[in-house]
Amino acid sequence: MQQVESYGQNLPDQVDRIAGLFDAHLGLINDIHDIYRDRAALEREYASKLQLLVKKATERKNKTATSLVAGDSPTKPCSDSTVQQNTFVNAYAQIITSMSKVAQDHVQLADTITAQVTEPLKGLERRNENLKRKQSQFYQKLLSERERIYQDRLKYDSGCAEVDVYRQKQYEQHRDDMHTSKNVYLVSIAVANRVKGKFYTEDLLNLEDVQELQTRLVENCTNVLLQAQTIQVSHQEVLKDRLASVTVALDGIQPHKDQNLFVDLNIRPFTLPGDWSFEPCTSHYDTGEICLETSPKVFLQNKLARSRGKLQELESDLGAKRDEVEKYSNLIASYSADNTLGNIDDAVNGYLDTQHQVTFSATSELVFRTEIDTIAAALGDDEGGSSPHDFKSSSFSIPTTCGYCKTSIWGLNKLGKTCRACGLSVHGKCELKVPAECTSVRGDHKISESPSRTSSTISRKEKSNEDPRVAFSGRHSSHSSAADDVAETSPPSSSVRVDAPHGYPSARVVFDFSASSPFELSVSEGTIVHVVEEDDGSGWVKVTDNHGGKGLVPASYLETADVKSLELSGGSERPQASGQFVRVIYDYEAQGPDELSIKEGETLELSSGPYGGQNRADGWWEGYSNDGTKGIFPSNYHRLLRLLREGIIAVE
């Protein structure tokens with residue numbers, strides 16, 4: 001055993017430092033006391049919150065236990081004993097009970113810590129503080145006594161001084177007193193030396209030797225802390241027992257047993273719902289036979305073809321999805337046996353997602369097969385044409401005539417369909433009503449007549465000397481116009497000559513159209529234009545007019561026109577027109593009712609007369625816009641054009 005060094009022998013005259021060490025020990029014991037005091041408070045707070053949680057959970061369990069076991073409307077009564085048969089609910093009840101007991105255990109732990117740890121530590125600190133104070137007072141008395149004895153040595157000096165003062169008077173008496181003081185002084189020196197020796201060799205040794213007090217202090221504190229550890233270990237053992245009981249209840253959960261209990265409590269008669277049958281409208285008598293008149297029959301033929309195409313696409317995708325379900329099922333089985341192979345949650349999510357897709361796809365497959373079987377049985381061998389249209393969704397920013405019902409298609413949200421092969425545009429609702437007679441030729445739209453449709457059909461292009469690159473359908477107008485020949489003086493030598501679009505098909509404008517972008521061309525009803533690019537399915541045609549303008553116009557705003565009809569419909573487009581044209585080079589917004597708003601690139605025709613055209617006013621000319629409106633505009637906002645008989649446009 002290691003020898004204990006003595007404070008008194010090894011640390012002489014170190015009373016203050018030893019007292020400081022003792023104070024540090026007392027401070028540590030106070031800190032330990034505070035820790036366990038706060039720990040007890042936390043245990044009580046935790047127990048209080050846990051009890052509140054248990055109370056709420058118990059109330060919810062009591063409300064929902066019957067529904068969890070037997071559902072909302074069981075066919076058999078569900079008593080408390082029946083509820084206890086459910087292993088899942090029973091395990092949950094065991095968890096709540098365990099939590100309630102744990103809360104009580106924490107309250108007991110807090111009480112035990114208070115009684116056996118914090119209070120003993122507080123008493124230990126208080127007792128040792130009193131002992132330390134008693135030793136400090138004793139040390140102060142020792143110092144006072146030592147100083148008093150030391151002061152006796154100084155009396156001889158005062159006696160000698162008195163002899164010198166009274167040397168002339170009563171000398172003998174004072175000399176005797178001085179000798180007596182000397183003797184007392186010598187005796188006091190001997191006493192002081194003896195007391196000093198005792199103070200440092202005995203008294204101080206005993207005073208500094210507080211190791212026994214400090215040892216008992218530390219040992220007592222250690223015993224209290226060991227008791228605290230024992231209390232906590234015991235508490236943990238109790239908690240382990242609580243958790244063990246919950247574990248047993250959880251291991252006893254049997255989902256199949258609970259499911260069987262639910263089935264037993266909810267067995268009731270069930271009859272499969274009957275099939276639906278045709279019910280005629282109360283206001284119209286009809287039979288349950290499929291109608292095979294011309295238009296409904298075309299619809300059925302197209303729907304049959306579409307269902308077969310979609311079924312063929314779906315079958316390959318459905319097979320791949322079913323293989324994927326099988327793969328996920330194997331992964332789940334492997335991960336369940338060995339969870340180190342992968343994340344079973346990801347496999348389950350993938351399995352469920354794919355299984356959902358398979359379910360919906362299988363329903364779609366059943367729908368397509370039922371449609372095919374029903375329609376094929378009704379149609380027999382008459383399944384329609386062999387050249388179906390290949391429609392795609394299209395947006396129409398301008399009114400476009402539906403090739404089937406002859407009404408306008410309008411909207412930017414893909415409200416119509418356009419055939420990729422022939423360019424036929426129809427409503428989405430009319431898609432399946434169009435016979436499968438696609439010519440695969442752009443602009444050549446053929447739709448058979450139907451007794452139920454009285455509107456005019458789209459005429460096919462005649463195979464004649466007419467240019468086969470374009471054919472237009474639409475409303476025929478009784479009026480037409482052609483550019484007047486203008487006989488003017490020859491243009492300046494600096495003018496640029498542009499060839500007119502000879503060789504392009506001609507078309508007549510049947511509706512006024514105002515350009516809304518630089519890529520479009522404003523045209524007026526009755527104007528003759530030349531088609532530069534056909535409709536590509538977008539509903540737009542690129543044309544050029546006799547004034548040199550070029551741009552896009554709606555295909556439904558044009559109709560076919562041959563050369564003979566143009567020659568027979570000759571004449572001036574506008575009364576009092578001069579036949580002289582100008583091209584606008586700057587935009588101008590009208591500032592008054594007699595002015596024209598003009599746009600860059602627009603072509604205007606000047607008016608005639610002594611006060612018209614260039615004679616209107618200084619800096620102002622008068623003319624007609626493309627829609628026939630007459631007005632004035634700045635003379636420096638345009639460039640003069642000349643239209644010659646040879647079809648050549650000269651620009652000044």
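Residues numbered from 1 in each chain as written. Predicted model: local features only at pLDDT ≥ 70, side-chain atom pairs only at ≥ 80, totals over all residues. Heavy atoms only, no water.

Peer 1: Describe the overall build of the protein, naming the residues involved and giving the relevant values.
Peer 2: Helix and strand content of the protein: 11 helices and 15 strands. Going through the 652 residues of the protein one by one, you find that 35% of them count as buried. For the protein, contacts bridging at least 24 residues in sequence account for 64% of all contacts bridging at least 6. As displayed, the protein offers around 39,900 Å² of accessible surface, 52% of which is attributable to carbon and sulfur atoms. (Helix = DSSP H or I, 4+ residues; strand = E, 2+ residues; numbered from the N terminus. Buried < 20%, exposed > 50% of the residue type's maximum accessible area, 1.4 Å probe, protein only. Contact = heavy atoms within 4.5 Å. Areas by Shrake-Rupley, 256 points an atom, 1.4 Å probe, with all protein chains shown as cover.)

Peer 1: Report on helix H10 (residues 344–379), specifying residues and quantitative values.
Peer 2: In this model, H10 (36 residues) spans 52 Å end to end at C-alpha, consistent with the 52 Å of a helix rising 1.5 Å per residue. Those residues of H10 that are buried are in contact with helix H9 (294–337). Its side-chain oxygen at 2.9 Å from the backbone nitrogen of Asp345, Asn343 defines the N-terminal cap of H10. (Expected span 1.5 Å × (residues − 1). Polar contact = N/O pair within 3.5 Å; in protein donor to acceptor, adjacent residues only side chain to side chain.)

Peer 1: Explain the sheet that holds strand S9 (residues 558–560) to me, and be specific about the residues and the numbers.
Peer 2: Hydrogen bonding along the main chain pairs the strands of a sheet, whether they run parallel or antiparallel. Strand order in the open sheet formed by 5 strands is S8-S7-S6-S5-S9, and the pairing between neighbours is antiparallel. Each edge of the open sheet carries a strand with a single partner, namely strand S8 (550–554) and S9. Strand-to-strand, the axes of this sheet are offset by a mean angle of 50°, without reference to chain direction. (Pairing = 2+ DSSP bridges. Axes fitted to C-alpha atoms, helices over the stretch in contact; angles between N-to-C directions.)

Peer 1: Lay out a nonpolar patch on the surface in plain terms, naming residues and giving numbers.
Peer 2: On the surface, a cluster of nonpolar side chains totalling about 280 Å² of accessible area is made up of Phe262, Val263 and Ile267. Considering the arrangement of structural elements, one finds Val263 in helix H8 (residues 255–266). (Patch = residues over 30% accessible without salt bridge, like charges linked within 9 Å, V, L, I, M, F, W, Y side chains within 5 Å. Salt bridge = Lys/Arg side-chain N within 4 Å of Asp/Glu carboxyl O.)

Peer 1: Residue-level account of helix H4 (residues 87–151), with values.
Peer 2: If you check H4, its first and last C-alpha atoms are 94 Å apart, about what 65 residues at 1.5 Å a residue would give, namely 96 Å. By the largest-angle criterion, Thr114 marks the main kink of H4, which is about 35°. You can read the cap of H4 off the contacts: a side-chain oxygen lies 3.0 Å from the backbone nitrogen of Phe88, and it is on Asn86. (Bend = angle between axes of the 7 residues up to and from the residue.)

Peer 1: Describe the environment of Gln85, and please don't skip the residues or the numbers.
Peer 2: Positionally, Gln85 belongs in the loop between helix H3 (80–84) and H4. Sequence separation of Gln85 and Leu261 is 176 residues, and the distance between their C-alpha atoms is 8.2 Å. Setting aside chain neighbours within four positions, we find Gln85 in contact with Lys257, Asp258 and Leu261.

Peer 1: Which residues make up the packing of H9 against H10, and what are the values?
Peer 2: Close contact between H9 and H10 brings their axes to 7 Å; oriented N to C, the two are set at 155°. The pairing of H9 with H10 is recorded here as roughly antiparallel in orientation. In this structure, H9 crosses over H10, and the sense of that crossing is left-handed. Looking at the contact of H9 with H10 residue by residue, the class counts come to 21 nonpolar, 10 polar and 12 charged. (Parallel < 35°, antiparallel > 145°, perpendicular 65-115°, else oblique. Left-handed = near helix turned anticlockwise from the far one by under 90°. Nonpolar A, V, L, I, M, F, W, Y, C, P; charged D, E, K, R; others polar.)

Peer 1: How would you explain the state of the cysteines if you had to name every residue and give the values?
Peer 2: Here is the idea: a disulfide is a covalent bond, and it sits between the sulfur atoms of two cysteines. Within the structure shown, the criterion is met by 0 disulfides. Take Cys430: it sits in no disulfide, and the sulfur closest to it among the cysteines is that of Cys405, at 3.9 Å. Lacking any disulfide linkage, Cys438 is separated from the closest cysteine sulfur, that of Cys419, by 3.8 Å. Classification of Cys438 by relative accessible area gives buried; the value is 9%. (Disulfide = S-S within 2.5 Å.)

Peer 1: I'd like a description of the packing of helix H2 (residues 15–70) against H4, backed by residues and values.
Peer 2: It is the contact of H2 with H4, at a shortest axis distance of 7 Å, that shows an interaxial angle of 165°. Overall, the two elements H2 and H4 adopt an arrangement that is roughly antiparallel. At the point where H2 passes H4, the crossing takes the left-handed sense.

Peer 1: Got a sec to walk through the pairing of strand S7 (residues 540–545)? Specific residues and values, please.
Peer 2: For S7, the buried fraction is high: 5 of the 6 residues fall into the buried class. As paired elements, strand S6 (residues 528–533) and S7 share 4 bridges and run antiparallel to each other. Residue pairing for S7: His530 is matched across the bridge by Thr544. Where S7 meets S8, 5 bridges bridge the pair, whose relative direction is antiparallel. Within S8, the position partnered with Val541 by the bridge is Val553.

Peer 1: An account of the pairing of strand S11 (residues 603–607) is needed here, citing residue identities and associated values.
Peer 2: Counted residue by residue, S11 has 5 buried out of 5 residues, so it is predominantly covered. Here 2 bridges tie S11 to strand S12 (residues 620–624), and the two strands are oriented antiparallel to one another. Residue pairing in the sheet places Leu606 in a bridge with Gly623 of S12.

Peer 1: Would you mind going over the pattern of salt bridges in detail, with residue names and values included?
Peer 2: Summed over the entire model, instances satisfying the criterion amount to 18 salt bridges. The partner of Asp111 in a salt bridge is Arg44, with the nearest N and O atoms 3.0 Å apart. Residue Asp111 is located in helix H4, and its partner Arg44 is located in helix H2; the two are separated by 67 residues in the primary sequence. Between Glu129 and Arg133 there is a salt bridge; the shortest N-O distance is 4.0 Å. With a gap of 4 residues between them, Glu129 and Arg133 both fall in helix H4, about one helical turn apart. When its relative accessible area of 39% is taken as the criterion, Arg133 is described as partly exposed. One continuous salt-bridge network, built from bridges that share partners, spans Asp34, Arg37 and Asp38.

Peer 1: Which residues make up unusual backbone geometry, and what values go with them?
Peer 2: The residue Ser440 is not glycine, and still its phi comes out positive at about 60°. The topology assignment puts Ser440 in the loop between strand S3 (425–427) and strand S4 (496–499).

Peer 1: Please give an account of the confidence of the model for the protein that cites residues and values.
Peer 2: On average, residues of the protein score 77 in pLDDT, and 78% of them reach the 70 mark or higher. Mean pLDDT across the elements of the protein bottoms out in S4 (34) and peaks in H10 (90). Low pLDDT, under 50, characterises residues 563–575; the stretch is placed with 22 contacts to residues that sit more than four places away or in other chains. Scored below 50 in pLDDT, residues 642–652 makes 43 contacts in the model with residues more than four places away or belonging to other chains. (pLDDT = per-residue confidence, 0-100.)

Peer 1: Just give me the short version of the packing of aromatic side chains, but keep the residues and values in it.
Peer 2: The final tally for this structure, using the stated rule, is 4 aromatic pairs. Measuring from centroid to centroid gives 5.8 Å for Phe513 and Tyr557, while their planes differ by 85°, and the two rings are edge-to-face. One end of the pair, Phe513, is in the loop between strand S5 (506–509) and S6; the other, Tyr557, is in the loop between S8 and S9, with 44 residues separating them in the sequence. Considered together, Phe513 and Tyr557 belong to a single accessibility category, that of buried residues. Following the ring pairs from residue to residue traces out a cluster consisting of Phe511, Phe513, Trp540 and Tyr557. Between the NZ or CZ atom of Lys327 and the centre of the ring of Tyr328, over which it lies, the distance is 5.3 Å. (Phe/Tyr/Trp six-rings, centres within 6.5 Å; stacked < 30°, edge-to-face > 60°. Lys NZ or Arg CZ within 6 Å of the ring centre and 35° of its normal.)

Peer 1: Please set out the side chain of His389 residue by residue, giving values where relevant.
Peer 2: Looking at where His389 falls in the secondary structure, it is placed in the loop between H10 and strand S1 (391–401). According to the relative accessible area criterion, His389 is buried, its value standing at 13%. Sequence-distant contacts of His389, defined by excluding residues within four places in its chain, comprise Cys419, Cys422, Leu424, Val434, Pro435, Glu437 and Cys438.

Peer 1: Before we move on, can you summarise the nonpolar core with the specific residues and values?
Peer 2: Side chains that are nonpolar tend, in soluble globular proteins, to be buried together. Core analysis: the largest hydrophobic core is formed by 18 residues, its most contacted members being Ile29, Tyr36, Ile113, Val117, Leu121, Leu217 and Cys221. Sorting the residues of this core by element identifies H2, H4 and helix H7 (211–251) as the ones contributing at least two each. Not counting residues up to four positions away in its chain, the partners in contact with Leu121 are Ile29, Ile32, His33, Cys221 and Val224. Core analysis: the next-biggest nonpolar cluster, separate from the first, contains 14 residues, Ala507, Val523, Val531 and Val541 among them. (Core = buried A, V, L, I, M, F, W, Y, C linked by side-chain atoms within 4.5 Å.)

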